[in-house]
Amino acid sequence: MSADPTRPPETASERPDAVGPQRLVAVGRRPVTPRVGLVDSFGRVATDLRVSLTDHCNLRCTYCMPAEGLPWMAPPQMLSDDEIVRVVGLLVGLGVTKLRLTGGEPLLRAGLPELIGRLGALEPRPHLAMTTNGLGLARLAPALATAGLDRVNVSLDTVDRAEFAALTRRDRLPDVIAGLAAADAAGLRPVKVNAVAMRGVNDHGVADLLDWCLERGYELRFIEQMPLDAQHSWQRSAMISAAEVRERLSTRHELTALPDVARGSAPAELFLVDGGPATVGIVASVTAPFCGACDRVRLTADGMVRNCLFARGEVDLRGPLRDGADDQELVRLIRGEMWRKARGHGIGAPDFTQPARPMSAIGG
Ligand code: SAM
Ligand code: SF4
């Protein structure tokens, strides 16, 4: 048996939980699965894949990118549908069970229903979700549902039109609202809403946003703002913490924390609202990181596998793919990258620096 800490195990007997106490630092909530999947050197196993379909976007959220946008990837830089299906197929073979399409704005990718149909035909079929800003969803939701998309998360930080326009730098709130309704009508349920609260911008309206979602049966979750904006303007002192969001919501509603088991490895702390059944989630990605239970892996639109949003490195699959690499070689690259996953994101550590890629180019 080899216990070389510099490379991932090849067989079940080499799993981190099988190689002695030095590896018993497994920090995930679930046990390592019997077959060797996307395991890292801390014993966590990735089963949740985020695929960025493009880095382009039609909004300019202030916590994400500058007003002028970014130097977008050119089409040849991006993986083709065939390349995405091949890589995702390999990852499904390595134990990925949940797939989330994101970006940039994933709805901007041409031929999206066809791609979703192909991803849904993989065996075993992964659960298929999408994170979107909702622009264009009113038109596309029925085709996406027919193609096999299971659910959507729509990002919406405020239901005040002027605030929305200030925050996203586009006056498109009615389109997002129409997109949410269309997703619900198409059965892409439960429809979830993702929100980031920003001090002095939309933080005073968090309870209004919750009421708006409760009225429509959408599940709301707040996410702490992270240092992943292209402008590098994030400041911890300016961030609205999960505790602050909870405090603000509690002025209007009774929140009862659900036990951790209810969320599994999902990062949101869930609360019953006024005794339930409705819930609200609060993701303390910065103030209470969930890295110990992380089960995520990411594929960027230009074909890089990343083991973490905050990873400083990534492995290129596009080059080898286009140079004719066989599946075995691609799997070796992917597993090597996962093995290098750090214990935690390190925000707050004295040596923390923001990753070079912004959230929009990684896939949020
Ligand atoms: N454009 C799509 C959207 O907005 O839903 C998908 C990509 S976006 C990068 C994915 C999620 O990341 C969104 O919910 C967005 O609010 C969130 N996000 C972007 N920048 C963030 C930041 N600096 N901190 C926390 N969340 C962020
Ligand atoms: Fe676009 Fe999403 Fe970033 Fe907003 S958060 S600018 S919608 S990628």
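Heads up: the structure comes first, above all this text.
An account of the accompanying structure is given in this report. (Residues numbered from 1 in each chain as written. Chains lettered and ligands numbered in written order. Predicted model: local features only at pLDDT ≥ 70, side-chain atom pairs only at ≥ 80, totals over all residues. Heavy atoms only, no water.)

1. A closer look at the site of ligand 1
Okay, so step 1: Close to ligand 1 lie 17 residues, the nearest being Tyr63, Gly104, Glu105, Ser155 and Met226.
Okay, so step 2: Side-chain polar atom of Asn194 to an oxygen atom of ligand 1: 3.5 Å apart, as the coordinates give it.
Okay, so step 3: Contact between ligand 1 and Met226: a nitrogen atom at 2.8 Å from a main-chain N or O atom of the residue.
Okay, so step 4: With the chains in place, 95% of the 540 Å² that ligand 1 exposes on its own is no longer accessible.
Okay, so step 5: Residues that form the shell around ligand 1 fall into these classes: five nonpolar, 10 polar and two charged. (Near = heavy atom within 4 Å. Polar contact = N/O pair within 3.5 Å; in protein donor to acceptor, adjacent residues only side chain to side chain. Areas by Shrake-Rupley, 256 points an atom, 1.4 Å probe, with all protein chains shown as cover. Nonpolar A, V, L, I, M, F, W, Y, C, P; charged D, E, K, R; others polar.)

2. As for helix H7 (residues 242-250)
Okay, so step 1: Among the residues making up H7, those that are buried are Ala242, Glu244, Val245 and Leu249. Each buried residue of H7 lies within a common arc of 160° when the element is viewed along its axis, so the set occupies one face. Across H7 from its buried face, at more than 90 degrees, point the exposed residues Ala243 and Glu247.
Okay, so step 2: Its buried side turned inward, H7 meets helix H6 (206-216), strand E8 (219-223), strand E9 (255-257) and strand E11 (279-283). (Buried < 20%, exposed > 50% of the residue type's maximum accessible area, 1.4 Å probe, protein only. Helix = DSSP H or I, 4+ residues; strand = E, 2+ residues; numbered from the N terminus. Arc of directions from axis to C-beta. Contact = heavy atoms within 4.5 Å.)

3. A word on the pattern of salt bridges
Okay, so step 1: Overall, the coordinates contain 24 salt bridges when judged by the stated rule.
Okay, so step 2: Residues Arg189 and Asp184 are paired through a salt bridge, measuring 2.7 Å at the closest nitrogen-oxygen approach.
Okay, so step 3: Residue Arg248 pairs with Glu244 through a salt bridge whose shortest N-O separation is 3.3 Å. In this pair, Arg248 and Glu244 both sit in helix H7, four residues apart, roughly one turn of the helix.
Okay, so step 4: Of the residues examined, Arg248 reaches a relative accessible area of 27% and is grouped as partly exposed.
Okay, so step 5: Each of Asp48, Arg50, Lys98 and Arg296 takes part in salt bridges that share partners, so that together they form one network. (Salt bridge = Lys/Arg side-chain N within 4 Å of Asp/Glu carboxyl O.)

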